[in-house]
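Residue-level listing of the chains:
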Amino acid sequence: MTTPSKIVQGMGIKFDDPHMLDQKQDLNRFSKIVPLLIQRGIDKLNLSMFSHDLRKDLLLALGDEYRRKGDLYDAARAYLLADDKEKMNLIGEDYEILMQWDNCVEVYKLSGNHSKLMKIGKKCMMDGNLKQAAKAFMAADDQEHLLNVSEKCMDCYRYDQAFEILSFLQDKQRLQTLGVRCLDQHEYDYAIQCFKISEDKERLNQTGDQLLKEERMEKALEAYTLADNQAMISFIKHNFVR
């Protein structure tokens, strides 16, 4: 259980005020009510009647108890409401021990811990966990490492992850490159999306032509529509789409 903050204990505060004395006594009773509050659930709590400092101390006490019980998710929520980044980082380290990288990234992102995000990203990239690596580098806003991850994703034919990264970066040139590779591998959904974002109408038409040869009319129509190819749109609608 956390001890009251120095402010609540009396730093700069005169506890001879009856209202503040009552709140100090309330703080001493938190150890008895915390289990009941946990049973009720953090979502249902209303702490608006307490001062800012007492509210923070209660939230920290709740977070400590959640963490003691192994409920890291609710512990993180309590620490977040208390705006205690140091405690949030402890939760992140707990998730690191459990190798729950997605949760690590979320917590370190909320606590603004850039160095930890970079550490997690580099570890995940080294271990081949490219999705988690990308998530960490996105949270850290590190474009250089994101580009490295996108290249590894393309080498491993993980076009969905490469597309997510390059869309995040809005890198039109690399999206075109990815689109061509997707087209060659018949990954038409990603090819169309890549050429759409990169505004490459020529390659959208090429995609439409290839889809037409494969008799995938609706998907071809999608590509031609994005390319604003009115002739082919009319051709497909009048001859193949009812």
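Anything mentioned here points back to the structure above.
A brief look at the structure comes next. (Residues numbered from 1 in each chain as written. Predicted model: local features only at pLDDT ≥ 70, side-chain atom pairs only at ≥ 80, totals over all residues. Heavy atoms only, no water.)

Structural notes on the overall build of the chain
(1) Moving on: Helix and strand counts for the chain stand at 16 helices and zero strands.
(2) Moving on: Looking at the 242 residues of the chain, the share that counts as buried comes to 43%.
(3) Moving on: In the chain, of all internal contacts separated by at least 6 residues, the share reaching a separation of at least 24 is 40%.
(4) Moving on: Summing over all exposed atoms, the chain offers an accessible surface of approximately 14100 Å²; the carbon and sulfur share of this is 48%. (Helix = DSSP H or I, 4+ residues; strand = E, 2+ residues; numbered from the N terminus. Buried < 20%, exposed > 50% of the residue type's maximum accessible area, 1.4 Å probe, protein only. Contact = heavy atoms within 4.5 Å. Areas by Shrake-Rupley, 256 points an atom, 1.4 Å probe, with all protein chains shown as cover.)

Topic: the environment of Tyr157
(1) Moving on: Positionally, Tyr157 belongs in the loop between α10 (143–155) and α11 (159–169).
(2) Moving on: Once the C-alpha coordinates of Tyr157 and Cys182 are considered, the two residues, 25 residues apart in sequence, prove to be 8.9 Å apart.

Section: the side chain of Asn229
(1) Moving on: In this structure, Asn229 sits in the loop between α15 (217–226) and α16 (230–239).
(2) Moving on: There is a polar contact of 3.2 Å between the side chain of Asn229 and the backbone nitrogen of Met232.
(3) Moving on: With residues near it in sequence (within four places) discarded, Asn229 still touches Asn205 and Tyr224. (Polar contact = N/O pair within 3.5 Å; in protein donor to acceptor, adjacent residues only side chain to side chain.)

A look at the state of the cysteines
(1) Moving on: Within the structure shown, the criterion is met by zero disulfides.
(2) Moving on: Lacking any disulfide linkage, Cys156 is separated from the closest cysteine sulfur, that of Cys153, by 7.1 Å. (Disulfide = S-S within 2.5 Å.)

Brief notes about the packing of helix α4 (residues 52–68) against helix α6 (residues 85–97)
(1) Moving on: Close contact between α4 and α6 brings their axes to 12 Å; oriented N to C, the two are set at 10°. By the criterion of interaxial angle, the relationship of α4 to α6 is roughly parallel. Where α4 approaches α6, its residues Leu60, Asp64 and Arg67 are matched on the opposing element by Lys87, Leu90, Ile91 and Asp94.
(2) Moving on: Each residue belonging to the contact of α4 with α6 can be placed in one class, and the counts come to three nonpolar, no polar and four charged. (Axes fitted to C-alpha atoms, helices over the stretch in contact; angles between N-to-C directions. Parallel < 35°, antiparallel > 145°, perpendicular 65-115°, else oblique. Nonpolar A, V, L, I, M, F, W, Y, C, P; charged D, E, K, R; others polar.)

Description of helix α5 (residues 72–81)
The α-helix advances 3.6 residues per turn, and as a result positions three or four apart in sequence lie on the same side.
(1) Moving on: Those residues of α5 not exposed but buried are Leu72, Asp74, Ala75, Ala76, Ala78 and Tyr79.
(2) Moving on: Where α5 terminates, the next one or two residues include Asp83, which has phi positive at roughly 55°.

With respect to the side chain of Glu96
(1) Moving on: Position of Glu96 relative to the elements: it lies in helix α6.
(2) Moving on: Judged by relative accessible area, which is 15%, Glu96 ranks as buried.
(3) Moving on: Among all residues touching Glu96, those that are not within four sequence positions of it are Trp101, Cys104, Tyr108, Lys116, Lys119 and Ile120.

Digging into α10
(1) Moving on: Relative to the 18 Å expected for 13 residues at 1.5 Å per residue, α10 spans 18 Å between its end C-alpha atoms, a close match to the ideal helical length.
(2) Moving on: Regarding α10, the residues found buried are His145, Leu146, Leu147, Val149, Ser150, Cys153 and Met154.
(3) Moving on: The distance from a side-chain oxygen at the start of α10 to the backbone nitrogen of Glu144 is 3.4 Å, and the residue carrying that oxygen is Asp142.
(4) Moving on: At the exit of α10 stands Tyr157, carrying a positive phi of roughly 60°. (Expected span 1.5 Å × (residues − 1).)

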